[in-house]
Amino acid sequence: MKKRFLSLMCASVMAVGLLAGCGGSSDSSSDESAATEESATASSEEEASADIKADADTSDGELITVGFAQVGHESDWRTASTKSAQDVFSEENGYELSFVDCDNDSAAQLEAVRSFIEQDLDYIIIDPIVSTGWDTVLTECEEAGIPVIVIDRTIDDSDKYVAWVGSNFKTEGLAAGEWLKAYAEEKGISEINAVVISGTTGASAQIGRSEGFQEIADREGWNILDEQTGDFTEDGGQEVMENYCKSYEGQFNVVVCQNDNEAFGAMTAMDNAGVSYGPNGDVVLISFDACTAGLEDVAAEKITADFECNPLAGPFVDEVIKTIESGGTPETEVYMVEHWFALSDAIVDFEIDGEAQEMTEVTDDVIEAQY
Amino acid sequence: MNKNNTSIWTRIRSSALFLPFVCLVLVMAVNIIYDTMNGSNPLTFFIITLRDTTGNGTILYGRIIDILNRGSEAALLALGMTLVVSSSAGTDISVGSVMSVCASFCCMLLAGYGVSSTNDFNVPLVVGILAALILGCVCGAFNGFLVAFLKIQPMVATLILYSAARAVGLLMCNDLIVYIRNDAYGFLGGFCGILPTPIIITAICIVILTLVLKKTALGMYIQSVGINDKASRIAGLNSKMIIWATYVLCGLFAAIAGVVASSRITSADSNNIGLYMELDAILAVALGGNSLGGGKFNLAGSVIGAYTIQAITTTLYNLGVSSAQAPVFKAIIVIIIVAIQAPPVKAFMRKRAAQKQTVREGARA
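Residues numbered from 1 in each chain as written. Chains lettered and ligands numbered in written order. Predicted model: local features only at pLDDT ≥ 70, side-chain atom pairs only at ≥ 80, totals over all residues.

### Topic: the overall build of chain A
Under the convention used in this document: To qualify as a helix, a DSSP run of H or I must reach at least 4 residues; to qualify as a strand, a run of E must reach at least 2; elements of each kind are numbered from the N terminus. Here exposure depends only on C-beta density: within 10 Å of a residue's C-beta, 20 or more other C-beta atoms make it buried, 12 or fewer make it exposed, and intermediate numbers make it partly exposed, the C-beta atoms being placed from the backbone.
A tally of regular secondary structure across chain A gives 13 helices and 15 strands. Residues counted as buried form 47% of the 371 residues belonging to chain A.

This is the structure in structure tokens:
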């Protein structure tokens, strides 16, 4: 009897937890989400922001309403992307943001966009979870006269958006390749045998980075021993690297991880296989994303070079909206500025398609400033 | 002498573990063929050596160790899943999410809420781990309550936590990956002496559970409830409590698996820890020759099933099958294994064996 009571208690505790969970995630799709977000992020400055809101209301009449259908919150990168949008589209900057976290559910994302149309917002920002199936809903946006700005990932089956803002993943791959070529020349590495731990198969970041790196590898006649997916996760990177260490024992001298998390996993696996890596090791470790933790590992002489994928799309989208507001036509493809990081010893001059690249040396300040 | 041999062989062959074990061996045997064809030592896949590491001393190193190590989570989940399947004739599809929520809870306690990276513990490590295990039991108790007392179908009942637990985990971690960069936390997913700790943890769990099931009547109770719930109740068993208990155990094992998975990467990646693991756990139970219809169960079979799944993965890596195509090969292998163990196929094989026997006897006559 006692135990039965206990189980009931447990059940009710869980139920309360669930309700809280549901509440948390569902209210982000409601109209008040923007207000909730604001109050959550800036509760201390509530008064101040209220004042500014009054100012904005009187000075330029109305706030620009923006809806943002975000993919989810699966990584540090994504969180930084969300935060960037929330920072830029604040009331202080003359915006009102409706933010919807779609939790990697493409149906939910379509719903979110439709609800933005119903609310008759001024602009809609979409980070598309999938690249297809957008034509119908984008046509609806067009008919409603709402400009759509696509960020980060791409839409393949429709061109009914005014601009796309994001990273050029292929350039990132090319940068990694060109850097490796220059680095190998400087260090006197004559033969390159690389293993690649790629991202989630079919993700645009995976396709672009693989394509770019492969292009240089083909040109230079490098030997790519294997390419397996680590699904952009640390565990995935660890497992794939464990197997590389056994399949290609002593055969590889370059490891390319398509994001930092995979690199963390690959490092653990190489530690456990007694393989030395980094600027002073036997293996050159290349990573992408360059999040704070990644740069810390560059500073710790573990990752040889890290190629950034800038998540801070907010300011660039802001630029596009300002252009439209002032009656201009924005460029259809806006590429964000990205940095290539390494320690001074691994900084070499290289070019992409004849364009000289500048590398950023990793210092404490740089790490501090990174997302 | 000869007769005695035959009887041992027959006994082995008729053992419930025979087919699952043969399947595991067959999967690994593929590597012998591959390595021979490649001109390397045929036994490359099976060789275990001692290896000096950076930071972990000397460890055992080899593919077999990898299979045992990487298969740990699936094996742990399979233990709980076997009991749940047996007692309630249904599956607990929430185990993957429960792994995630427990790992998140543990890391949240250790790091403190809202902290995304830490080197020091906020609370003692043991407290964090125990709390995670308790949360696992609570999740299991919740599932068990719905199934045993409210008579909700297991899949529907566990669907709730399947979708909600991961989200709760994300809330606990403030939507971030929480990194615990501390060697002590990495121990559970790292090495204990020369062996990977997950292998030891799994072995301990298997031994304890087996002892409990064998030395007490619990194992028999679970089977009898699974075979006939009403009859067991009339015979004096508290069927509801027994079903409930299996779900609590399942939650506990999910929590252990979650903590191990999180310790491997010394972080709580709530989006990815235990993702799709419930499917592996269910598959492990099926590959182990257990009926998903409940009743009699074979714990060792499920464990072998779990390692078979990992052996397939590791084999595909060894063969260098690209990860894009790997699922297809995996599916084919799984279909073959399941088909071999399907009752009609088994019956057919028995019939053929009997025919052969008659023919042989006829010839002798």
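Read on, since the account is not over.
### Structural notes on the overall build of chain B
Rules: When we talk radius of gyration, it's over C-alpha atoms, and the globule rule is simply 2.2 Å times the number of residues to the 0.38. Any pair of residues counts as being in contact when their C-beta atoms, constructed from backbone geometry, are within 7 Å of one another.
Looking only at helices and strands, chain B features 16 helices and 7 strands. For 365 residues, the compact-globule estimate of 2.2 N^0.38 gives 21 Å, and the C-alpha radius of gyration of chain B, at 22 Å, lies within 12% of that figure. For chain B, contacts bridging at least 24 residues in sequence account for 75% of all contacts bridging at least 6.

### So, the nonpolar core
Nonpolar side chains in soluble globular proteins tend to end up buried together. For clarity, the cut-off: By convention the nonpolar core is taken to be a set of buried residues drawn from Ala, Val, Leu, Ile, Met, Phe, Trp, Tyr and Cys and joined through C-beta atoms within 7 Å.
Membership of the largest hydrophobic core comes to 159 residues, with the highest contact counts inside it found for Leu77, Ala78, Cys102, Phe253 and Ile256 of chain B. Take this core: its biggest share by element is 17 residues, from helix H12 (residues 239–264) of chain B.

### Details of the sheet that holds strand E3 (residues 123–126) of chain A
Residue and element names in this part refer to chain A. Quick note on the threshold: A pair of strands counts as paired when DSSP detects no fewer than two bridges linking them. Between N-to-C directions, angles cover 0 to 180 degrees, with each direction set by a line fitted to C-alpha atoms, over the stretch in contact for helices.
Read from one edge of the open sheet, 6 strands run E2-E1-E3-E4-E5-E11, paired in parallel fashion. Looking at which strands have only one partner, the edges of the open sheet turn out to be strand E2 (95–101) and strand E11 (333–335). The average undirected angle you get between the axes of adjacent strands in this sheet is 20 degrees. Bridge count between strand E1 (residues 64–70) and E3: 4 bridges; the pairing is parallel.

### Side note on the interface of chain A and chain B
Here is the rule: When residues are grouped by polarity, Ala, Val, Leu, Ile, Met, Phe, Trp, Tyr, Cys and Pro land in nonpolar, Asp, Glu, Lys and Arg in charged, and all others, Gly among them, in polar.
Chain A puts 34 residues into the contact, and the matching count from chain B is 39 residues. Here the side of chain A that touches chain B takes 9 residues from helix H1 (residues 2–26) of chain A, the largest share from any one element. A breakdown of the residues in the side of chain A that touches chain B according to their chemical character gives 6 nonpolar, 19 polar and 9 charged.

### What about the pairing of strand E2 (residues 58–61) of chain B?
Residues and elements named next belong to chain B. As paired elements, strand E1 (residues 49–52) and E2 share 4 bridges and run antiparallel to each other. Opposite arginine 51, over in E2, you have isoleucine 59 as the bridge partner. Hairpin remark: E1 followed by E2, antiparallel, with 5 residues in the connecting loop; positive phi at glycine 55, about 100 degrees.

### Topic: the sheet that holds strand E3 (residues 117–118) of chain B
Residues and elements named next belong to chain B. An order of E3-E4-E7 is seen for the 3 strands of this open sheet, with the pairing classed as mixed. Single-partner strands in this sheet number two, and they are E3 and strand E7 (267–268). Sheet contacts for helix H5 (residues 95–111): E3, strand E4 (178–180) and E7; angle to E4, the most-contacted strand, approximately 65 degrees.

### Some thoughts on the packing of helix H9 (residues 234–247) of chain A against helix H10 (residues 260–272) of chain A
All names here are of chain A. Rules: Angle categories: roughly parallel below 35 degrees, roughly antiparallel above 145, roughly perpendicular from 65 to 115, and oblique for all the rest. Here a crossing is taken to be left-handed if its near helix is turned anticlockwise relative to the far helix by less than a right angle, and right-handed if that turn runs clockwise.
At a minimum axis separation of 7 Å, H9 and H10 run at an interaxial angle of 40 degrees. One finds that H9 runs oblique with respect to H10. Read as a crossing pair, H9 and H10 show a hand that is right-handed. Contacts between H9 and H10 involve Glu234, Asp235, Gly236, Gly237, Gln238, Met241, Glu242 and Cys245 from the first element and Asn261, Glu262, Ala263, Phe264, Gly265, Ala266, Thr268, Ala269 and Met270 from the second.

### As for the environment of leucine 171 of chain B
Residue and element names in this part refer to chain B. Turning to its location among the elements, leucine 171 is positioned in helix H7 (residues 154–172). Overall, leucine 171 belongs to the partly exposed group, with 18 C-beta atoms counted inside 10 Å. Residues leucine 171 and tyrosine 113, spaced 58 residues apart in sequence, show a C-alpha to C-alpha distance of 9.8 Å.

### Examining unusual backbone geometry
Residues other than glycine seldom take positive phi values, yet alanine 290 of chain A does so here, at roughly 55 degrees. Secondary-structure assignment places alanine 290 of chain A in the loop between strand E9 (284–289) and helix H11 (292–299). Using a count of 29 C-beta atoms within 10 Å as the deciding quantity, one classes alanine 290 of chain A as buried. A positive phi angle is found at alanine 89 of chain B, which is not glycine, with a value near 55 degrees. Note on placement: alanine 89 of chain B falls in the loop between helix H4 (72–88) and H5.

### Overview of the domain arrangement of chain A
Residues and elements named next belong to chain A. Worth spelling out the cut-off: Domain delimitation follows an automatic or database domain assignment.
Along its sequence, chain A is organised into domain 1 (30–40 + 47–161) and domain 2 (169–309 + 338–369). Computed from C-alpha atoms alone, the centre-to-centre distance between domain 1 and domain 2 is 34 Å. The partner domain 2 presents 4 residues to the 4 residues of domain 1 that form the contact. Taken together, the residues of the side of domain 1 that touches domain 2 sort by class into 1 nonpolar, 1 polar and 2 charged.

### Quick look at the confidence of the model for chain B
What counts is decided by this rule: Every residue is assigned a pLDDT by the predictor, reflecting its confidence on a scale from 0 to 100.
Counting all residues, the mean pLDDT for chain B is 91, and 98% of those residues have values of 70 or more. Model confidence for the complex: the whole-complex pTM is 0.84, and ipTM, which rates the interface, is 0.90.

### Thoughts on the pairing of strand E6 (residues 193–198) of chain A
Residue and element names in this part refer to chain A. For clarity, the threshold we go by: Looking down the strands as they point away from the viewer, one classifies a crossover as right-handed if the path from the first strand across the helix to the second runs clockwise.
Where burial is concerned, most of E6 is hidden: 5 out of the 6 residues are buried. In terms of strand pairing, E6 meets strand E7 (residues 223–229) through 6 bridges, oriented parallel. Bridged to serine 198 within E7 is threonine 229. Where the polypeptide runs from E6 across helix H8 (residues 204–220) and back to E7, its parallel neighbour, the crossover connection is right-handed.

### Section: the environment of proline 343 of chain B
Residues and elements named next belong to chain B. Mapped onto the elements of the fold, proline 343 is located in helix H16 (residues 343–364). Given 8 C-beta atoms within a 10 Å radius, proline 343 is considered exposed. C-alpha separation for the pair proline 343 and lysine 330, spaced 13 residues apart in sequence, amounts to 22 Å.

### Some thoughts on H9 of chain A
Applied cut-off: The length a helix should cover is 1.5 Å for every residue beyond the first.
Taking 1.5 Å as the rise per residue, H9 of chain A with 14 residues should run 20 Å; its terminal C-alpha atoms sit 20 Å apart, in good agreement. The buried fraction of H9 of chain A is high, at 13 of 14 residues.

### Remarks on the confidence of the model for chain A
All names here are of chain A. For chain A, per-residue confidence averages 84 on the pLDDT scale, and 83% of positions sit at 70 or higher. Confidence scores differ between elements of chain A, with helix H2 (residues 33–41) showing the lowest mean pLDDT of 40 and strand E8 (residues 254–257) the highest of 97. Taken as a whole, residues 16–59 scores under 50 in pLDDT and shows 40 contacts with residues more than four places along the chain or in a different chain.

### Structural notes on the packing of H4 of chain B against helix H9 (residues 197–215) of chain B
Think of two packed helices as two axes; the pair is described by the angle between the axes and how far apart they sit. All names here are of chain B. At a closest axis distance of 9 Å, the pairing of H4 and H9 adopts a crossing angle of 15 degrees. Taken together, the axis directions place H4 and H9 in an arrangement best described as roughly parallel. Once H4 is placed against H9, the crossing between them reads as left-handed. On H9, the residues touching Ser72, Ala75, Leu76 and Leu79 of H4 are Pro198, Ile199, Ile201, Thr202, Cys205, Ile206 and Leu209. Each residue belonging to the contact of H4 with H9 can be placed in one class, and the counts come to 9 nonpolar, 2 polar and no charged.

### With respect to H4 of chain B
Residues and elements named next belong to chain B. Compared with the 24 Å implied by 1.5 Å per residue over 17 residues, the 24 Å span of H4 between its first and last C-alpha is a close match. Among the 17 residues of H4, 17 are classified as buried, and the element is accordingly described as predominantly covered. Looking one or two places after H4, you find alanine 89, whose phi comes out positive at around 55 degrees.

### What to know about the environment of leucine 97 of chain A
Counting through the fold element by element, leucine 97 of chain A comes out in strand E2. Considering only alpha carbons, one finds leucine 97 of chain A and isoleucine 367 of chain A, 270 residues apart in sequence, at a separation of 29 Å.

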